[in-house]
Amino acid sequence: IQASLQAFLLELGTGFCFEARQFRIHSGAGQPERVDLVLYHRKLRCHVLIELKLRAFQHGDAGQMNYYLNWFRERMREEGDALPVGLLLCSDRDEVKVEYALGGMDNQLFVSRYLVALPSVEQLRAFLERDREWFVRERSCVEYAARAG
């Protein structure tokens, strides 16, 4: 278990610290909710909540993660911490569905997909190029908003 966790954290990059697996959230009557994985990023000073879905993205997943992010913001955030970040990892995603599901949400919430088998070299190249283009566009938008803000 430790080797798998270490490899996962190293793949994410530096600064991540493991905090909990299946973290229980109690918000009143009824059964508690569970966040699949809770990490803390030392440099960004924020919690990173990860939900793993063994199916394609559904619009309700965004609401579920938004709930978790709001709960962490109110109950777990320490003075000086940045807002928590949510990451939904699904087996597939429909870009339009994701866009509408996340529209209007103030929280830092990201949806990505994971692969259950290794892609071909051509698929990997296309995937990396598409994600690089998306990253460049998003980074430009963030930099523009920071200058305008």
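Before any of the text, the structure's been laid out above.
Residues numbered from 1 in each chain as written. Predicted model: local features only at pLDDT ≥ 70, side-chain atom pairs only at ≥ 80, totals over all residues. Heavy atoms only, no water.

Counting 15 residues, the largest nonpolar core has Phe23, Ile25, Val35, Val38, Leu49 and Phe72 as its most contacted members. Secondary-structure elements contributing two or more residues to this core are β1 (16–25), β2 (33–41), α2 (59–75) and β4 (85–90). Tallying contributions element by element places α2 first for this core, with 6 residues. Here Ile25 is in contact with Pro32, Glu33, Val35, Tyr67, Tyr68, Trp71 and Phe72, once residues within four sequence places are set aside. Counting residues in hydrophobic clusters, the runner-up holds 8 residues, among them Leu37, Cys46, Ile50 and Val85. (Core = buried A, V, L, I, M, F, W, Y, C linked by side-chain atoms within 4.5 Å. Buried < 20%, exposed > 50% of the residue type's maximum accessible area, 1.4 Å probe, protein only. Helix = DSSP H or I, 4+ residues; strand = E, 2+ residues; numbered from the N terminus. Contact = heavy atoms within 4.5 Å.)

Here we take up the packing of aromatic side chains. Inspection of every chain in the model, using the stated rule, returns 4 aromatic pairs. Here the aromatic rings of Phe23 and Phe72 are separated by 5.1 Å at their centres, their planes lie at 50°, and the arrangement is tilted. Here Phe72 lies in helix α2 and Phe23 lies in strand β1, a separation of 49 residues in the sequence. Of the residues examined, Phe72 reaches a relative accessible area of 1% and is grouped as buried. Taking 5.8 Å as the distance between ring centres and 55° as the angle between the ring planes, the aromatic pair formed by Tyr67 and Tyr68 counts as tilted. (Phe/Tyr/Trp six-rings, centres within 6.5 Å; stacked < 30°, edge-to-face > 60°.)

Taken together, the side chains of Trp134, Phe135 and Val136 make up a nonpolar region of the molecular surface, amounting to roughly 310 Å² of accessible area. Tracing the backbone shows Phe135 in helix α4 (residues 121–148). In this structure Phe135 comes out as partly exposed when scored by relative accessible area, which is 48%. (Patch = residues over 30% accessible without salt bridge, like charges linked within 9 Å, V, L, I, M, F, W, Y side chains within 5 Å. Areas by Shrake-Rupley, 256 points an atom, 1.4 Å probe, with all protein chains shown as cover. Salt bridge = Lys/Arg side-chain N within 4 Å of Asp/Glu carboxyl O.)

It is worth spelling out the side chain of His41 at this point. By the secondary structure assignment, His41 is in strand β2. Among the residues examined, His41 registers a relative accessible area of 7% and is labelled buried. In terms of polar contacts, His41 uses its side chain to reach the backbone carbonyl oxygen of Thr14, at 3.2 Å. From its side chain, His41 meets the backbone nitrogen of Leu44 in a polar contact 3.0 Å long. (Polar contact = N/O pair within 3.5 Å; in protein donor to acceptor, adjacent residues only side chain to side chain.)

Using the criterion set out here, one finds 4 salt bridges in the structure. In this structure, Lys53 engages Glu51 in a salt bridge whose closest nitrogen and oxygen atoms are separated by 3.4 Å. The class of Lys53 is buried, set by a relative accessible area of 11%. What makes Glu51 buried here is its relative accessible area of 3%. Where Glu74 meets Arg73, a salt bridge forms, and the shortest distance between an N and an O atom there is 3.2 Å. Judged by its relative accessible area of 59%, Glu74 falls in the exposed class. For Arg73, a relative accessible area of 28% corresponds to the partly exposed category.

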